[in-house]
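Chains, contacts and geometry: an overview
These are the residues of each chain, in order.
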Amino acid sequence: MNLNQELQNLNNRMDKCQRKLAAAIQRDDKVIIKQFKDELLSLNKKAQNVKHRKSSEVSGKSKDIKSLAFNRVLTKAEQADMGKLKKSVKDLVVVHPMTALGRSMGIKAVTGYAPKAF
């Protein structure tokens, strides 16, 4: 299971526990309230762990891409025919600013990274 799915599952479980906790609070059931509060704490810790792993994975990819020798902003024509560009440039990595990787790298436009100038 990938990190996004794992995080989504944890969030779903936390949501379910919160709804059950609200119902237990209405019933004034002390045992069930304590049980769901404890479960919410453990699920929250797991979710924070997954978020940390996800961010470290993205930062690792970012570091690898930034180590490539050449980068430049891609023109609209190049973006329109991405298949042709990727065939002509060996080991090209394209980073979009709206992806997690692009946000972590702080780029403002679609940028191509490659070992050699293109």
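As the structure is a prediction and not an experimental result, all values here were calculated from the model.

What counts as what
- Residues numbered from 1 in each chain as written.
- Predicted model: local features only at pLDDT ≥ 70, side-chain atom pairs only at ≥ 80, totals over all residues.
- Heavy atoms only, no water.
- Domains from an automatic or database assignment.
- Contact = heavy atoms within 4.5 Å.
- Buried area = accessible area lost by both parts, 1.4 Å probe.
- Salt bridge = Lys/Arg side-chain N within 4 Å of Asp/Glu carboxyl O.
- Polar contact = N/O pair within 3.5 Å; in protein donor to acceptor, adjacent residues only side chain to side chain.
- Helix = DSSP H or I, 4+ residues; strand = E, 2+ residues; numbered from the N terminus.
- Expected span 1.5 Å × (residues − 1).
- Buried < 20%, exposed > 50% of the residue type's maximum accessible area, 1.4 Å probe, protein only.
- Phe/Tyr/Trp six-rings, centres within 6.5 Å; stacked < 30°, edge-to-face > 60°.
- Pairing = 2+ DSSP bridges.
- Axes fitted to C-alpha atoms, helices over the stretch in contact; angles between N-to-C directions.

**With respect to the domain arrangement of the protein chain**
By the assigned domains, the protein chain splits into domain 1 (1-66) and domain 2 (68-117). Averaged C-alpha coordinates put domain 1 and domain 2 at centres separated by 34 Å. Each partner contributes to the interface: domain 1 provides 6 residues, whereas domain 2 provides 8 residues. The three residues of domain 1 that bury the most area against domain 2 are Val 58, Ile 65 and Lys 66, which together make up 79% of that side's buried surface. For the pair domain 1 and domain 2, the number of links is 0 salt bridges. The interface formed by domain 1 and domain 2 contains 2 residue pairs in polar contact (both at pLDDT 80 or more).

**Here we look at helix α1 (residues 3-27)**
The end-to-end C-alpha separation of α1 is 36 Å, in line with the 36 Å expected for 25 residues at 1.5 Å each. Where α1 is concerned, the buried positions are Leu 3, Leu 7, Leu 10, Met 14, Cys 17, Leu 21 and Ala 24. Where α1 is buried, its residues touch α2 (30-66). Looking one or two places after α1, you find Asp 28, whose phi comes out positive at around 60°.

**Re the packing of aromatic side chains**
On inspection of all chains with the given rule, the structure shows 1 aromatic pair. A ring pair is formed by Phe 70 and Phe 118, whose centres lie 5.4 Å apart and whose planes are at 80°; its orientation type is edge-to-face. Of the two residues, Phe 70 is situated in strand β1 (residues 70-73) and Phe 118 in the segment after β3 (111-114); the sequence distance between them amounts to 48 residues.

**Details of the pairing of β3**
By the alternation rule, side chains of β3 split into Thr 111 and Tyr 113 and Gly 112 and Ala 114, which are all buried. The pairing of β1 with β3 spans 4 bridges and is classified as antiparallel. Considered in β3, the bridge of Val 73 is made with Thr 111. Bridge analysis of strand β2 (residues 93-95) against β3 gives 3 bridges, and the strand direction is antiparallel. Its bridge partner being in β3, Val 94 is matched across the sheet by Gly 112.

**Some points on the sheet that holds β3**
With respect to topology, 3 strands assemble into an open sheet ordered β1-β3-β2, the strand pairing being antiparallel. Of all the strands in the sheet, the pair left with one neighbour each is β1 and β2. Between one strand and the next, the sheet's axes are offset by a mean angle of 20°, whatever the strand orientation.

**Notes on unusual backbone geometry**
Of note in this structure, Asp 28 is not a glycine but carries a positive phi near 60°. Positionally, Asp 28 belongs in the loop between α1 and α2. Under the relative-accessibility criterion, Asp 28 is labelled partly exposed at 48%. A positive phi angle is found at Asp 91, which is not glycine, with a value near 60°.

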